[in-house]
Amino acid sequence: MTQRPHIKLELISDPTYLCGARELVASISRRLGFEDMDCSKIALAVDEALCNVIRHGYNRAMDRPIWISVWPVDGDAASPGGIRIVIEDEARQVEPDKVKSRDLDDVRPGGLGVHIIREVMDEVVYEKRTPVGMRLTMVKKAPRPVEPPALSEKRCCPTVMTERAPGRVR
Amino acid sequence: MPESDAIVEVHSPRTGIMVVAPKSDVDLSRSPELRQALREASDRRPDRLIVDLAEVGYMDSSGLATLVEAMRTAKSTGAPLILASMNQKVRAIFEIARLDQFFTIVDSVDAALSV
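Here is a short report on the structure shown in this document. Computed from a predicted model, the values in this text were never measured in an experiment. (Residues numbered from 1 in each chain as written. Chains lettered and ligands numbered in written order. Predicted model: local features only at pLDDT ≥ 70, side-chain atom pairs only at ≥ 80, totals over all residues. Heavy atoms only, no water.)

## Digging into the sheet that holds strand S4 (residues 123-128) of chain A
Residue and element names in this part refer to chain A. The 5 strands are arranged S1-S2-S3-S5-S4 in an open sheet whose pairing can be described as antiparallel. Taken across any chain shown, the strands that pair with only one partner, and hence form the sheet edges, are strand S1 (7-12) and S4. For this sheet, the mean inter-axis angle between neighbouring strands, taken without regard to orientation, is 15 degrees. As judged from the 7 bridges shared by strand S3 (residues 82-89) and strand S5 (residues 134-141), these two strands associate in the antiparallel manner. Directly across from valine 86, in S5, lies its bridge partner threonine 137. Along the sheet face, helix H2 (residues 36-57) touches strand S2 (65-73), S3 and S5 and points at about 15 degrees away from the line of S3. Relative to the sheet, helix H3 (residues 113-120) contacts S4 and S5, its axis offset from that of S4 by approximately 130 degrees. (Pairing = 2+ DSSP bridges. Helix = DSSP H or I, 4+ residues; strand = E, 2+ residues; numbered from the N terminus. Axes fitted to C-alpha atoms, helices over the stretch in contact; angles between N-to-C directions. Contact = heavy atoms within 4.5 Å.)

What follows is the structure in C-alpha coordinates.
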(Lines give C-alpha, C1' and ligand atoms only; values in the text may rest on other atoms or scores of the structure.)
Protein backbone atom coordinates (compact mmCIF):
# COMPACT_ATOMS: atom_id res chain seq x y z
CA MET A 1 0.00 0.00 0.00
CA THR A 2 1.79 3.14 -1.18
CA GLN A 3 -1.01 5.64 -1.18
CA ARG A 4 -1.42 7.94 1.81
CA PRO A 5 -4.24 6.88 4.12
CA HIS A 6 -7.29 9.12 4.05
CA ILE A 7 -7.30 9.02 7.83
CA LYS A 8 -4.44 8.22 10.18
CA LEU A 9 -4.92 8.21 13.94
CA GLU A 10 -2.24 7.70 16.56
CA LEU A 11 -3.28 6.74 20.04
CA ILE A 12 -1.55 5.38 23.09
CA SER A 13 -2.21 1.87 24.33
CA ASP A 14 -4.63 3.01 27.04
CA PRO A 15 -8.00 1.18 26.94
CA THR A 16 -9.69 4.44 27.93
CA TYR A 17 -9.44 5.58 24.31
CA LEU A 18 -10.88 2.47 22.66
CA CYS A 19 -14.27 4.19 22.58
CA GLY A 20 -12.89 7.01 20.45
CA ALA A 21 -11.34 4.62 17.94
CA ARG A 22 -14.61 2.69 17.72
CA GLU A 23 -16.66 5.80 17.11
CA LEU A 24 -14.28 7.04 14.43
CA VAL A 25 -14.30 3.76 12.55
CA ALA A 26 -18.06 3.29 12.85
CA SER A 27 -18.70 6.83 11.66
CA ILE A 28 -16.42 6.51 8.64
CA SER A 29 -17.92 3.13 7.76
CA ARG A 30 -21.37 4.67 7.84
CA ARG A 31 -20.27 7.43 5.47
CA LEU A 32 -18.90 4.79 3.13
CA GLY A 33 -22.30 3.17 2.82
CA PHE A 34 -22.26 0.36 5.35
CA GLU A 35 -25.43 -0.50 7.21
CA ASP A 36 -25.63 0.33 10.89
CA MET A 37 -25.08 -3.25 12.06
CA ASP A 38 -22.04 -3.64 9.80
CA CYS A 39 -20.59 -0.37 11.11
CA SER A 40 -20.91 -1.72 14.64
CA LYS A 41 -19.22 -4.98 13.66
CA ILE A 42 -16.35 -3.21 11.88
CA ALA A 43 -15.81 -1.09 15.00
CA LEU A 44 -15.86 -4.30 17.04
CA ALA A 45 -13.15 -5.85 14.86
CA VAL A 46 -10.97 -2.75 15.31
CA ASP A 47 -11.61 -2.76 19.05
CA GLU A 48 -10.59 -6.41 19.28
CA ALA A 49 -7.44 -5.78 17.27
CA LEU A 50 -6.49 -2.87 19.53
CA CYS A 51 -7.21 -4.95 22.64
CA ASN A 52 -4.92 -7.69 21.37
CA VAL A 53 -2.13 -5.16 20.82
CA ILE A 54 -2.62 -3.71 24.31
CA ARG A 55 -2.92 -7.04 26.13
CA HIS A 56 -0.56 -9.31 24.26
CA GLY A 57 1.71 -7.02 22.27
CA TYR A 58 2.38 -4.42 24.92
CA ASN A 59 1.56 -6.53 28.01
CA ARG A 60 -0.93 -3.85 29.07
CA ALA A 61 1.61 -1.02 29.09
CA MET A 62 -0.55 2.05 28.57
CA ASP A 63 1.89 4.50 27.00
CA ARG A 64 2.91 2.78 23.78
CA PRO A 65 1.92 3.91 20.27
CA ILE A 66 -0.73 2.38 18.02
CA TRP A 67 -1.62 3.71 14.58
CA ILE A 68 -4.93 3.23 12.78
CA SER A 69 -5.03 4.05 9.04
CA VAL A 70 -8.16 4.01 6.91
CA TRP A 71 -8.73 3.93 3.16
CA PRO A 72 -11.98 3.63 1.26
CA VAL A 73 -11.86 0.90 -1.37
CA ASP A 74 -13.54 1.66 -4.67
CA GLY A 75 -15.90 -0.82 -6.14
CA ASP A 76 -16.06 -1.98 -9.74
CA ALA A 77 -17.89 -4.59 -11.77
CA ALA A 78 -16.09 -7.39 -9.95
CA SER A 79 -16.08 -5.98 -6.42
CA PRO A 80 -18.43 -3.84 -4.34
CA GLY A 81 -15.64 -1.82 -2.72
CA GLY A 82 -15.53 -1.21 1.00
CA ILE A 83 -13.09 -0.11 3.67
CA ARG A 84 -9.46 -1.00 4.37
CA ILE A 85 -8.16 -0.54 7.90
CA VAL A 86 -4.54 -1.03 8.95
CA ILE A 87 -3.43 -1.22 12.58
CA GLU A 88 0.28 -0.92 13.32
CA ASP A 89 2.27 -1.02 16.52
CA GLU A 90 5.76 -1.32 17.95
CA ALA A 91 4.85 -4.33 20.05
CA ARG A 92 6.41 -7.73 20.50
CA GLN A 93 6.51 -9.58 17.19
CA VAL A 94 4.86 -12.93 16.66
CA GLU A 95 4.88 -15.23 13.66
CA PRO A 96 1.82 -14.24 11.57
CA ASP A 97 0.78 -17.84 11.00
CA LYS A 98 0.63 -18.35 14.77
CA VAL A 99 -2.17 -15.81 15.11
CA LYS A 100 -5.18 -18.11 15.10
CA SER A 101 -8.63 -18.26 16.60
CA ARG A 102 -9.33 -20.95 19.15
CA ASP A 103 -11.88 -23.76 19.30
CA LEU A 104 -15.19 -22.14 20.23
CA ASP A 105 -16.65 -25.40 21.51
CA ASP A 106 -14.36 -24.95 24.49
CA VAL A 107 -16.41 -22.29 26.27
CA ARG A 108 -14.05 -20.38 28.50
CA PRO A 109 -13.15 -16.76 29.18
CA GLY A 110 -10.81 -15.09 26.69
CA GLY A 111 -9.24 -15.86 23.36
CA LEU A 112 -12.15 -14.69 21.21
CA GLY A 113 -10.59 -11.59 19.66
CA VAL A 114 -8.97 -13.21 16.61
CA HIS A 115 -12.10 -15.26 15.91
CA ILE A 116 -14.25 -12.11 15.99
CA ILE A 117 -11.88 -10.22 13.69
CA ARG A 118 -11.83 -13.06 11.14
CA GLU A 119 -15.58 -13.57 11.37
CA VAL A 120 -16.41 -9.90 10.82
CA MET A 121 -13.85 -8.85 8.21
CA ASP A 122 -13.49 -10.27 4.69
CA GLU A 123 -9.70 -10.05 4.53
CA VAL A 124 -7.35 -10.29 7.52
CA VAL A 125 -3.57 -10.26 7.14
CA TYR A 126 -1.01 -10.14 9.94
CA GLU A 127 2.56 -9.12 9.10
CA LYS A 128 5.75 -8.23 10.92
CA ARG A 129 6.80 -4.62 10.49
CA THR A 130 10.38 -3.65 9.89
CA PRO A 131 12.25 -3.27 12.20
CA VAL A 132 9.73 -3.69 15.04
CA GLY A 133 6.08 -4.29 15.69
CA MET A 134 3.18 -5.84 13.84
CA ARG A 135 0.79 -4.75 11.12
CA LEU A 136 -2.78 -5.98 10.76
CA THR A 137 -4.59 -5.23 7.50
CA MET A 138 -8.35 -5.74 7.43
CA VAL A 139 -10.78 -5.24 4.55
CA LYS A 140 -14.55 -5.25 4.76
CA LYS A 141 -16.44 -5.33 1.50
CA ALA A 142 -19.55 -3.22 1.25
CA PRO A 143 -22.85 -4.96 0.56
CA ARG A 144 -23.36 -2.57 -2.35
CA PRO A 145 -21.07 -0.25 -4.37
CA VAL A 146 -19.54 2.47 -2.23
CA GLU A 147 -20.55 5.93 -3.39
CA PRO A 148 -19.33 9.35 -2.32
CA PRO A 149 -21.70 11.09 0.12
CA ALA A 150 -24.52 13.08 -1.49
CA LEU A 151 -24.19 16.86 -1.51
CA SER A 152 -27.09 17.30 0.90
CA GLU A 153 -25.36 15.01 3.39
CA LYS A 154 -22.18 17.07 3.07
CA ARG A 155 -24.06 20.22 4.01
CA CYS A 156 -25.23 18.49 7.18
CA CYS A 157 -21.75 17.41 8.14
CA PRO A 158 -19.20 20.06 7.08
CA THR A 159 -16.41 18.39 9.02
CA VAL A 160 -16.29 15.53 6.51
CA MET A 161 -16.48 17.64 3.34
CA THR A 162 -12.84 16.96 2.61
CA GLU A 163 -13.65 13.38 1.56
CA ARG A 164 -12.56 12.90 -2.03
CA ALA A 165 -13.44 10.24 -4.52
CA PRO A 166 -10.18 10.51 -6.54
CA GLY A 167 -7.21 8.66 -5.20
CA ARG A 168 -9.07 5.78 -3.63
CA VAL A 169 -7.33 2.46 -3.47
CA ARG A 170 -8.44 -0.75 -5.09
CA MET B 1 -17.25 8.67 43.11
CA PRO B 2 -20.90 9.45 43.92
CA GLU B 3 -23.17 6.42 43.81
CA SER B 4 -25.16 7.91 40.91
CA ASP B 5 -21.98 7.84 38.79
CA ALA B 6 -21.40 4.14 39.36
CA ILE B 7 -20.43 2.27 36.21
CA VAL B 8 -22.28 -0.80 37.45
CA GLU B 9 -25.34 -0.77 39.69
CA VAL B 10 -26.25 -3.73 41.86
CA HIS B 11 -29.60 -4.19 43.57
CA SER B 12 -31.90 -6.86 44.90
CA PRO B 13 -35.53 -6.50 43.78
CA ARG B 14 -36.56 -9.59 45.74
CA THR B 15 -35.08 -11.79 48.40
CA GLY B 16 -32.56 -14.13 46.82
CA ILE B 17 -32.33 -12.26 43.53
CA MET B 18 -29.45 -9.99 42.57
CA VAL B 19 -29.52 -7.70 39.54
CA VAL B 20 -26.22 -6.41 38.16
CA ALA B 21 -26.71 -3.54 35.71
CA PRO B 22 -23.77 -2.04 33.79
CA LYS B 23 -24.47 1.61 33.00
CA SER B 24 -22.17 2.02 30.03
CA ASP B 25 -20.50 0.17 27.19
CA VAL B 26 -18.45 -2.80 28.38
CA ASP B 27 -14.98 -2.84 26.86
CA LEU B 28 -11.44 -3.49 28.07
CA SER B 29 -11.47 -0.33 30.16
CA ARG B 30 -14.82 -1.08 31.82
CA SER B 31 -15.00 -4.86 32.14
CA PRO B 32 -12.97 -4.93 35.41
CA GLU B 33 -15.78 -3.01 37.17
CA LEU B 34 -18.37 -5.43 35.82
CA ARG B 35 -16.25 -8.41 36.90
CA GLN B 36 -15.91 -6.98 40.41
CA ALA B 37 -19.66 -6.30 40.66
CA LEU B 38 -20.51 -9.82 39.48
CA ARG B 39 -18.12 -11.35 41.99
CA GLU B 40 -19.59 -9.32 44.83
CA ALA B 41 -23.12 -10.22 43.79
CA SER B 42 -22.20 -13.89 43.52
CA ASP B 43 -20.53 -13.80 46.93
CA ARG B 44 -23.94 -12.97 48.40
CA ARG B 45 -25.09 -16.42 47.29
CA PRO B 46 -28.26 -15.40 45.44
CA ASP B 47 -30.77 -17.93 44.16
CA ARG B 48 -30.69 -16.15 40.81
CA LEU B 49 -28.31 -13.62 39.27
CA ILE B 50 -29.65 -11.31 36.55
CA VAL B 51 -27.43 -9.12 34.37
CA ASP B 52 -29.49 -6.19 33.09
CA LEU B 53 -27.89 -5.04 29.81
CA ALA B 54 -30.48 -2.38 28.96
CA GLU B 55 -27.91 0.43 29.08
CA VAL B 56 -25.11 -1.44 27.35
CA GLY B 57 -24.87 -0.24 23.77
CA TYR B 58 -21.65 -2.06 23.04
CA MET B 59 -19.68 -4.99 24.41
CA ASP B 60 -16.37 -6.49 23.29
CA SER B 61 -14.74 -9.83 24.00
CA SER B 62 -13.49 -8.67 27.40
CA GLY B 63 -17.14 -8.25 28.38
CA LEU B 64 -17.98 -11.65 26.96
CA ALA B 65 -15.11 -13.18 28.94
CA THR B 66 -16.38 -11.52 32.10
CA LEU B 67 -19.86 -12.98 31.60
CA VAL B 68 -18.50 -16.43 30.74
CA GLU B 69 -16.51 -16.33 33.99
CA ALA B 70 -19.66 -15.30 35.90
CA MET B 71 -21.64 -18.09 34.24
CA ARG B 72 -19.04 -20.65 35.28
CA THR B 73 -19.22 -19.39 38.86
CA ALA B 74 -23.02 -19.47 38.75
CA LYS B 75 -23.02 -23.05 37.52
CA SER B 76 -20.67 -24.08 40.30
CA THR B 77 -22.95 -22.52 42.92
CA GLY B 78 -26.18 -23.68 41.33
CA ALA B 79 -27.60 -20.17 40.93
CA PRO B 80 -28.87 -19.46 37.39
CA LEU B 81 -27.36 -16.48 35.61
CA ILE B 82 -29.72 -14.76 33.17
CA LEU B 83 -28.93 -12.00 30.69
CA ALA B 84 -31.75 -9.51 30.18
CA SER B 85 -32.59 -6.58 27.88
CA MET B 86 -29.76 -7.16 25.41
CA ASN B 87 -29.88 -4.94 22.31
CA GLN B 88 -29.43 -6.30 18.79
CA LYS B 89 -25.83 -5.10 18.41
CA VAL B 90 -24.73 -6.75 21.63
CA ARG B 91 -26.66 -9.88 20.70
CA ALA B 92 -24.78 -9.96 17.39
CA ILE B 93 -21.50 -10.12 19.30
CA PHE B 94 -22.76 -13.11 21.28
CA GLU B 95 -23.76 -14.76 18.01
CA ILE B 96 -20.38 -14.10 16.38
CA ALA B 97 -18.70 -15.72 19.40
CA ARG B 98 -21.34 -18.48 19.35
CA LEU B 99 -22.19 -17.79 22.96
CA ASP B 100 -25.88 -17.03 22.39
CA GLN B 101 -26.67 -20.71 23.02
CA PHE B 102 -24.51 -20.87 26.13
CA PHE B 103 -26.43 -18.20 28.05
CA THR B 104 -30.07 -17.83 29.01
CA ILE B 105 -31.07 -14.59 27.29
CA VAL B 106 -34.45 -12.95 27.87
CA ASP B 107 -36.06 -9.70 26.74
CA SER B 108 -36.41 -7.94 30.08
CA VAL B 109 -35.62 -8.07 33.76
CA ASP B 110 -39.30 -8.85 34.41
CA ALA B 111 -38.98 -11.87 32.13
CA ALA B 112 -35.82 -12.91 33.99
CA LEU B 113 -37.67 -12.70 37.27
CA SER B 114 -40.33 -15.07 35.98
CA VAL B 115 -38.07 -17.64 34.31
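After that view, the rundown keeps rolling.
## Quick notes on the side chain of histidine 115 of chain A
Here histidine 115 of chain A is to be found in helix H3. Leaving out residues up to four positions away in the same chain, histidine 115 of chain A has contacts with Ser101 and Leu104 of chain A together with Ile96, Ala97 and Arg98 of chain B.

## Points about the environment of lysine 41 of chain A
Residue and element names in this part refer to chain A. Along the chain, lysine 41 turns up in helix H2. Exposure remark for lysine 41: the relative accessible area of 26% places this residue in the partly exposed category. Spatially, the C-alpha atoms of lysine 41 and arginine 22 are 9.8 Å apart, while their sequence positions differ by 19 residues. (Buried < 20%, exposed > 50% of the residue type's maximum accessible area, 1.4 Å probe, protein only.)

None of the figures reported here should be taken as evidence of function without further support.
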